[in-house]
Amino acid sequence: MTFCPFLFVQSHYTYQQSPFMKNKLIVLSQYLLPKQAITAIAGKLAHLEGGKATTSVIRWFVKSYQVNMAEADNPDIRAYKTFNEFFTRPLKTDARPLAQADFICPVDGAISQFGDIKQDQIFQAKGHHYSTQALIGGDALTAKRYENGSFACIYLSPKDYHRIHMPCDGKLLSMTYVPGDLFSVNPATAQGVPSLFARNERVVCEFSSVQHGHFVMVLVGATIVGSMATVWHNAPQGIVNPPRLADIKTWRYENPCITLKQGEEMGRFLLGSTVVMLFAKDAIAFNAEWQALRPVKLGEMMGN
(Lines give C-alpha, C1' and ligand atoms only; values in the text may rest on other atoms or scores of the structure.)
Protein backbone atom coordinates (compact mmCIF):
# COMPACT_ATOMS: atom_id res chain seq x y z
CA MET A 1 0.00 0.00 0.00
CA THR A 2 1.06 3.56 -0.64
CA PHE A 3 -0.59 6.49 1.09
CA CYS A 4 0.22 9.99 -0.07
CA PRO A 5 1.04 12.40 2.81
CA PHE A 6 0.65 15.23 0.28
CA LEU A 7 -3.10 14.85 0.50
CA PHE A 8 -3.09 15.74 4.18
CA VAL A 9 -0.80 18.72 3.83
CA GLN A 10 -2.37 20.30 0.77
CA SER A 11 -6.07 19.77 1.34
CA HIS A 12 -7.86 19.43 4.66
CA TYR A 13 -5.02 20.15 7.07
CA THR A 14 -3.78 23.57 6.07
CA TYR A 15 -3.33 24.87 9.61
CA GLN A 16 0.37 24.06 9.21
CA GLN A 17 0.86 25.68 5.81
CA SER A 18 3.20 28.64 5.42
CA PRO A 19 1.86 31.81 7.06
CA PHE A 20 2.93 33.71 3.94
CA MET A 21 0.48 31.85 1.71
CA LYS A 22 -2.28 34.16 0.59
CA ASN A 23 -5.79 33.24 1.71
CA LYS A 24 -7.15 33.93 -1.73
CA LEU A 25 -4.81 31.35 -3.27
CA ILE A 26 -5.85 28.79 -0.68
CA VAL A 27 -9.52 29.43 -1.39
CA LEU A 28 -8.96 29.38 -5.16
CA SER A 29 -7.26 26.00 -4.91
CA GLN A 30 -10.35 24.69 -3.09
CA TYR A 31 -12.50 25.57 -6.09
CA LEU A 32 -10.04 24.05 -8.59
CA LEU A 33 -9.09 20.82 -6.83
CA PRO A 34 -10.96 17.62 -7.83
CA LYS A 35 -12.17 17.27 -4.25
CA GLN A 36 -14.51 14.33 -4.78
CA ALA A 37 -11.81 12.28 -6.51
CA ILE A 38 -9.18 13.15 -3.90
CA THR A 39 -11.58 12.19 -1.11
CA ALA A 40 -12.54 8.89 -2.73
CA ILE A 41 -8.89 7.91 -3.27
CA ALA A 42 -7.88 8.94 0.26
CA GLY A 43 -10.77 6.98 1.74
CA LYS A 44 -9.85 3.79 -0.11
CA LEU A 45 -6.17 4.07 0.77
CA ALA A 46 -6.95 4.71 4.43
CA HIS A 47 -8.90 1.43 4.56
CA LEU A 48 -6.16 -0.71 3.01
CA GLU A 49 -4.10 -3.12 5.09
CA GLY A 50 -0.59 -2.36 3.89
CA GLY A 51 1.61 -3.98 6.52
CA LYS A 52 4.93 -2.19 6.91
CA ALA A 53 3.89 0.52 4.45
CA THR A 54 0.88 1.39 6.61
CA THR A 55 3.07 1.46 9.71
CA SER A 56 5.52 3.78 7.95
CA VAL A 57 2.74 6.20 7.01
CA ILE A 58 1.38 6.17 10.58
CA ARG A 59 4.88 6.78 11.96
CA TRP A 60 5.30 9.74 9.57
CA PHE A 61 1.91 11.13 10.60
CA VAL A 62 2.58 10.79 14.33
CA LYS A 63 5.93 12.58 13.97
CA SER A 64 4.69 15.29 11.59
CA TYR A 65 1.64 16.24 13.64
CA GLN A 66 3.04 15.41 17.10
CA VAL A 67 0.27 12.96 17.91
CA ASN A 68 0.29 11.99 21.59
CA MET A 69 0.21 8.20 21.41
CA ALA A 70 0.78 7.89 25.18
CA GLU A 71 -2.91 8.61 25.76
CA ALA A 72 -4.07 6.03 23.18
CA ASP A 73 -5.55 2.80 24.48
CA ASN A 74 -2.93 1.03 22.34
CA PRO A 75 0.17 3.26 21.87
CA ASP A 76 1.93 0.74 19.58
CA ILE A 77 1.58 2.06 16.02
CA ARG A 78 2.46 -1.38 14.65
CA ALA A 79 -0.82 -2.71 16.05
CA TYR A 80 -2.96 -0.71 13.61
CA LYS A 81 -3.71 -2.63 10.41
CA THR A 82 -5.08 0.39 8.52
CA PHE A 83 -4.63 4.14 8.69
CA ASN A 84 -8.28 4.61 9.63
CA GLU A 85 -7.90 2.14 12.49
CA PHE A 86 -5.12 4.36 13.80
CA PHE A 87 -6.97 7.59 13.06
CA THR A 88 -10.07 6.53 15.03
CA ARG A 89 -8.05 4.96 17.86
CA PRO A 90 -9.75 4.90 21.27
CA LEU A 91 -8.17 6.62 24.26
CA LYS A 92 -7.35 5.19 27.65
CA THR A 93 -10.39 5.22 29.90
CA ASP A 94 -8.97 7.94 32.18
CA ALA A 95 -7.53 10.14 29.42
CA ARG A 96 -10.50 12.54 29.30
CA PRO A 97 -12.22 13.00 32.69
CA LEU A 98 -15.67 14.58 32.42
CA ALA A 99 -16.24 17.96 34.05
CA GLN A 100 -19.15 18.44 36.43
CA ALA A 101 -21.17 20.56 34.02
CA ASP A 102 -24.49 20.52 32.22
CA PHE A 103 -22.68 20.52 28.87
CA ILE A 104 -19.21 19.13 28.16
CA CYS A 105 -17.09 19.64 25.09
CA PRO A 106 -17.79 16.63 22.82
CA VAL A 107 -14.45 16.51 21.00
CA ASP A 108 -10.78 17.43 21.02
CA GLY A 109 -10.11 20.34 18.70
CA ALA A 110 -10.09 24.12 18.40
CA ILE A 111 -13.04 26.47 18.64
CA SER A 112 -13.83 27.95 15.23
CA GLN A 113 -16.70 30.11 16.45
CA PHE A 114 -19.45 30.00 19.07
CA GLY A 115 -22.12 32.26 20.49
CA ASP A 116 -25.66 33.43 19.78
CA ILE A 117 -27.72 32.59 16.73
CA LYS A 118 -29.12 35.89 15.43
CA GLN A 119 -32.67 34.86 14.48
CA ASP A 120 -31.59 32.06 12.12
CA GLN A 121 -28.09 33.31 11.25
CA ILE A 122 -24.87 31.62 12.43
CA PHE A 123 -21.58 33.51 12.35
CA GLN A 124 -18.91 31.78 10.25
CA ALA A 125 -16.20 34.42 9.80
CA LYS A 126 -16.00 38.15 9.15
CA GLY A 127 -18.50 38.93 6.42
CA HIS A 128 -19.95 35.40 6.33
CA HIS A 129 -23.03 33.90 7.95
CA TYR A 130 -25.19 30.88 7.17
CA SER A 131 -28.69 29.87 8.24
CA THR A 132 -29.73 27.11 10.60
CA GLN A 133 -32.19 25.89 7.98
CA ALA A 134 -29.47 25.54 5.34
CA LEU A 135 -27.13 23.82 7.81
CA ILE A 136 -29.60 21.08 8.77
CA GLY A 137 -30.69 20.39 5.20
CA GLY A 138 -33.71 22.65 4.65
CA ASP A 139 -36.13 21.52 7.37
CA ALA A 140 -37.83 24.80 8.35
CA LEU A 141 -39.79 23.38 11.28
CA THR A 142 -36.69 21.89 12.90
CA ALA A 143 -34.67 25.05 12.25
CA LYS A 144 -37.35 27.10 14.01
CA ARG A 145 -36.49 25.37 17.30
CA TYR A 146 -33.05 27.01 17.26
CA GLU A 147 -34.12 30.54 16.36
CA ASN A 148 -32.18 32.97 18.58
CA GLY A 149 -30.50 30.00 20.24
CA SER A 150 -26.78 29.23 20.54
CA PHE A 151 -24.16 27.46 18.44
CA ALA A 152 -20.64 26.13 18.75
CA CYS A 153 -18.34 25.10 15.90
CA ILE A 154 -15.23 23.02 16.70
CA TYR A 155 -12.52 22.01 14.25
CA LEU A 156 -10.64 18.74 14.72
CA SER A 157 -6.96 19.00 13.76
CA PRO A 158 -4.73 16.13 12.55
CA LYS A 159 -3.29 15.35 15.98
CA ASP A 160 -6.67 15.23 17.70
CA TYR A 161 -8.73 12.32 18.93
CA HIS A 162 -11.38 11.85 16.23
CA ARG A 163 -14.28 10.27 18.07
CA ILE A 164 -17.28 12.42 18.93
CA HIS A 165 -19.10 12.18 22.26
CA MET A 166 -22.33 13.47 23.75
CA PRO A 167 -22.28 16.95 25.35
CA CYS A 168 -25.21 15.94 27.57
CA ASP A 169 -27.73 13.12 27.87
CA GLY A 170 -29.88 12.83 24.77
CA LYS A 171 -32.53 10.78 23.02
CA LEU A 172 -31.88 10.43 19.29
CA LEU A 173 -34.74 11.79 17.17
CA SER A 174 -33.34 11.73 13.65
CA MET A 175 -30.24 11.57 11.47
CA THR A 176 -30.10 13.28 8.09
CA TYR A 177 -27.44 12.84 5.41
CA VAL A 178 -27.04 16.04 3.38
CA PRO A 179 -24.96 15.77 0.20
CA GLY A 180 -22.70 18.68 -0.62
CA ASP A 181 -19.27 19.99 -1.53
CA LEU A 182 -16.02 18.89 0.07
CA PHE A 183 -14.18 22.13 0.71
CA SER A 184 -11.49 22.19 3.34
CA VAL A 185 -12.72 23.58 6.67
CA ASN A 186 -9.56 25.40 7.77
CA PRO A 187 -9.77 29.09 8.87
CA ALA A 188 -8.60 30.48 5.52
CA THR A 189 -11.34 28.62 3.68
CA ALA A 190 -13.92 29.62 6.31
CA GLN A 191 -13.02 33.25 5.65
CA GLY A 192 -13.24 32.89 1.87
CA VAL A 193 -16.01 30.40 1.06
CA PRO A 194 -19.55 31.66 1.80
CA SER A 195 -21.79 29.33 3.86
CA LEU A 196 -18.98 26.79 4.07
CA PHE A 197 -20.48 24.54 6.75
CA ALA A 198 -23.93 24.67 5.14
CA ARG A 199 -22.65 23.69 1.70
CA ASN A 200 -20.26 20.84 2.57
CA GLU A 201 -21.44 17.26 2.89
CA ARG A 202 -22.73 16.62 6.41
CA VAL A 203 -24.59 14.32 8.78
CA VAL A 204 -27.18 16.09 10.95
CA CYS A 205 -28.19 14.40 14.23
CA GLU A 206 -31.01 15.83 16.33
CA PHE A 207 -31.56 14.84 19.96
CA SER A 208 -33.92 15.76 22.75
CA SER A 209 -32.93 16.15 26.38
CA VAL A 210 -35.24 16.17 29.39
CA GLN A 211 -33.25 18.95 31.03
CA HIS A 212 -32.12 20.98 28.02
CA GLY A 213 -34.66 20.51 25.24
CA HIS A 214 -33.69 19.80 21.65
CA PHE A 215 -30.15 20.07 20.32
CA VAL A 216 -28.34 19.24 17.09
CA MET A 217 -24.89 17.85 16.34
CA VAL A 218 -23.74 18.28 12.73
CA LEU A 219 -20.76 16.27 11.49
CA VAL A 220 -19.34 18.30 8.60
CA GLY A 221 -17.33 16.60 5.88
CA ALA A 222 -14.35 18.10 4.05
CA THR A 223 -11.68 17.31 1.49
CA ILE A 224 -10.26 13.82 2.15
CA VAL A 225 -12.75 13.10 4.93
CA GLY A 226 -13.24 9.53 3.78
CA SER A 227 -16.43 8.98 5.74
CA MET A 228 -18.46 9.73 8.84
CA ALA A 229 -19.96 7.12 11.16
CA THR A 230 -22.38 6.95 14.07
CA VAL A 231 -22.66 4.30 16.77
CA TRP A 232 -26.29 3.52 15.91
CA HIS A 233 -26.31 3.43 12.09
CA ASN A 234 -27.24 0.06 10.63
CA ALA A 235 -24.24 -0.33 8.34
CA PRO A 236 -20.75 -1.88 8.63
CA GLN A 237 -18.85 0.06 11.32
CA GLY A 238 -21.79 2.49 11.45
CA ILE A 239 -20.52 4.28 8.34
CA VAL A 240 -23.08 6.72 6.89
CA ASN A 241 -21.06 7.73 3.85
CA PRO A 242 -19.99 6.38 1.44
CA PRO A 243 -22.12 5.74 -0.44
CA ARG A 244 -22.43 9.43 -1.21
CA LEU A 245 -26.09 9.85 -2.06
CA ALA A 246 -27.36 12.40 -4.55
CA ASP A 247 -30.33 13.39 -2.39
CA ILE A 248 -31.01 14.21 1.25
CA LYS A 249 -31.97 11.13 3.29
CA THR A 250 -33.43 11.08 6.80
CA TRP A 251 -33.66 8.24 9.31
CA ARG A 252 -36.05 8.60 12.26
CA TYR A 253 -35.60 6.76 15.56
CA GLU A 254 -38.91 6.58 17.37
CA ASN A 255 -38.89 2.81 17.87
CA PRO A 256 -36.65 1.45 19.21
CA CYS A 257 -35.64 4.38 21.39
CA ILE A 258 -31.92 5.24 21.26
CA THR A 259 -30.59 7.17 24.24
CA LEU A 260 -27.01 8.16 24.96
CA LYS A 261 -25.50 9.44 28.19
CA GLN A 262 -23.27 12.48 28.55
CA GLY A 263 -19.75 11.52 27.49
CA GLU A 264 -20.81 8.44 25.50
CA GLU A 265 -19.44 8.10 21.99
CA MET A 266 -21.95 9.06 19.29
CA GLY A 267 -19.81 8.99 16.16
CA ARG A 268 -16.44 9.43 14.53
CA PHE A 269 -14.67 10.96 11.57
CA LEU A 270 -12.63 8.66 9.36
CA LEU A 271 -10.15 11.45 8.50
CA GLY A 272 -11.20 14.49 10.55
CA SER A 273 -13.29 17.61 10.14
CA THR A 274 -15.69 19.83 12.11
CA VAL A 275 -18.64 19.52 14.48
CA VAL A 276 -21.33 22.22 14.64
CA MET A 277 -23.79 22.18 17.55
CA LEU A 278 -27.10 24.02 17.83
CA PHE A 279 -28.97 24.66 21.08
CA ALA A 280 -32.38 26.18 21.78
CA LYS A 281 -32.76 29.69 23.17
CA ASP A 282 -31.50 30.04 26.76
CA ALA A 283 -30.39 26.39 26.89
CA ILE A 284 -26.69 27.09 27.45
CA ALA A 285 -24.40 29.77 28.85
CA PHE A 286 -20.96 29.04 27.43
CA ASN A 287 -17.81 28.62 29.48
CA ALA A 288 -16.44 32.14 30.17
CA GLU A 289 -12.95 30.93 29.23
CA TRP A 290 -13.99 29.94 25.72
CA GLN A 291 -12.86 32.09 22.80
CA ALA A 292 -12.38 31.59 19.07
CA LEU A 293 -9.29 29.51 18.12
CA ARG A 294 -8.87 28.26 21.70
CA PRO A 295 -7.85 24.58 21.91
CA VAL A 296 -10.38 22.40 23.71
CA LYS A 297 -10.50 18.83 24.98
CA LEU A 298 -13.25 16.28 25.21
CA GLY A 299 -14.83 16.38 28.65
CA GLU A 300 -14.00 19.96 29.64
CA MET A 301 -16.84 22.27 30.62
CA MET A 302 -18.59 23.75 27.60
CA GLY A 303 -21.36 25.47 29.52
CA ASN A 304 -24.21 25.36 32.02
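Treat the numbers as computed from the prediction; the structure is a model and nothing was measured.

Trainee: Please give an account of the packing of aromatic side chains that cites residues and values.
Mentor: Here a ring pair, both rings aromatic, is described through the centre-centre distance and the interplanar angle of the planes. Across all of its chains, the model carries 18 aromatic pairs by this definition. Measuring from centroid to centroid gives 4.8 Å for F61 and Y65, while their planes differ by 45 degrees, and the two rings are tilted. Remark: Y65 and F61 occur in helix α4 (residues 52–65); sequence separation between them is 4 residues, near one turn of the helix. Taking relative accessible area as the criterion, Y65 reaches 6% and is therefore assigned buried. Joined through ring pairs, the aromatic side chains of W60, F61, Y65, Y80, F83, F86 and F87 make up one cluster.

Trainee: Any chance you could break down the nonpolar core for me, citing the residues and the numbers?
Mentor: If you look at the biggest cluster of nonpolar residues, it comprises 37 residues, and the most contacted ones within it are F207, W232, M266 and W290. Those elements giving two or more residues to this core turn out to be β5 (150–155), β7 (170–178), β8 (202–209), β9 (213–220), β14 (265–270) and β15 (274–279). For W290, the contacting residues outside a window of four places in its chain are C105, I111, F114, A152, I154, V296, E300, M301 and M302. Y130, I136, C153 and V216 belong to the second largest nonpolar core, which has 24 residues in total.

Trainee: Before we move on, could you go through the layout of surface pockets and cite the residues and values that matter?
Mentor: Taken as a whole, the largest pocket encloses approximately 390 Å³ of empty space. Lining the largest pocket are 22 residues, and of these G109, S157, K159, D160 and P295 sit closest to its centre. Among the secondary structure elements, those contributing two or more residues to the lining of the largest pocket are α4, β2 (109–116) and β16 (295–296). Grouping the constituent residues of the lining of the largest pocket by class yields 10 nonpolar, 6 polar and 6 charged. Around the second largest pocket sit 16 residues that line it, and D139, T142, S174, E206 and R252 are the ones nearest its centre.

Trainee: Hey, could you go over the pairing of β9 for me, with residue numbers and the actual values?
Mentor: For β9, the buried fraction is high: 6 of the 8 residues fall into the buried class. Of the pairings in the sheet, the one linking β8 to β9 comprises 8 bridges and is antiparallel in character. Along β9, the bridge assignment pairs V204 with V218. The turn joining β8 and β9, which pair antiparallel and follow one another in sequence, is formed by 3 residues. As defined by bridge partners, β9 adjoins β15 across 6 bridges and the pair is classed as antiparallel. In the sheet register, M217 faces β15, and the bridge partner there is M277.

Cut-off values and rules
Residues numbered from 1 in each chain as written. Predicted model: local features only at pLDDT ≥ 70, side-chain atom pairs only at ≥ 80, totals over all residues. Heavy atoms only, no water. Phe/Tyr/Trp six-rings, centres within 6.5 Å; stacked < 30°, edge-to-face > 60°. Helix = DSSP H or I, 4+ residues; strand = E, 2+ residues; numbered from the N terminus. Buried < 20%, exposed > 50% of the residue type's maximum accessible area, 1.4 Å probe, protein only. Core = buried A, V, L, I, M, F, W, Y, C linked by side-chain atoms within 4.5 Å. Contact = heavy atoms within 4.5 Å. 1 Å grid on protein atoms, 1.4 Å probe; cavity = no way out; pocket = protein on both sides within 12 Å on 5 of 7 lines; lining within 4 Å. Points joined across faces, edges and corners; volume = space filled by probe spheres on them. Nonpolar A, V, L, I, M, F, W, Y, C, P; charged D, E, K, R; others polar. Pairing = 2+ DSSP bridges.

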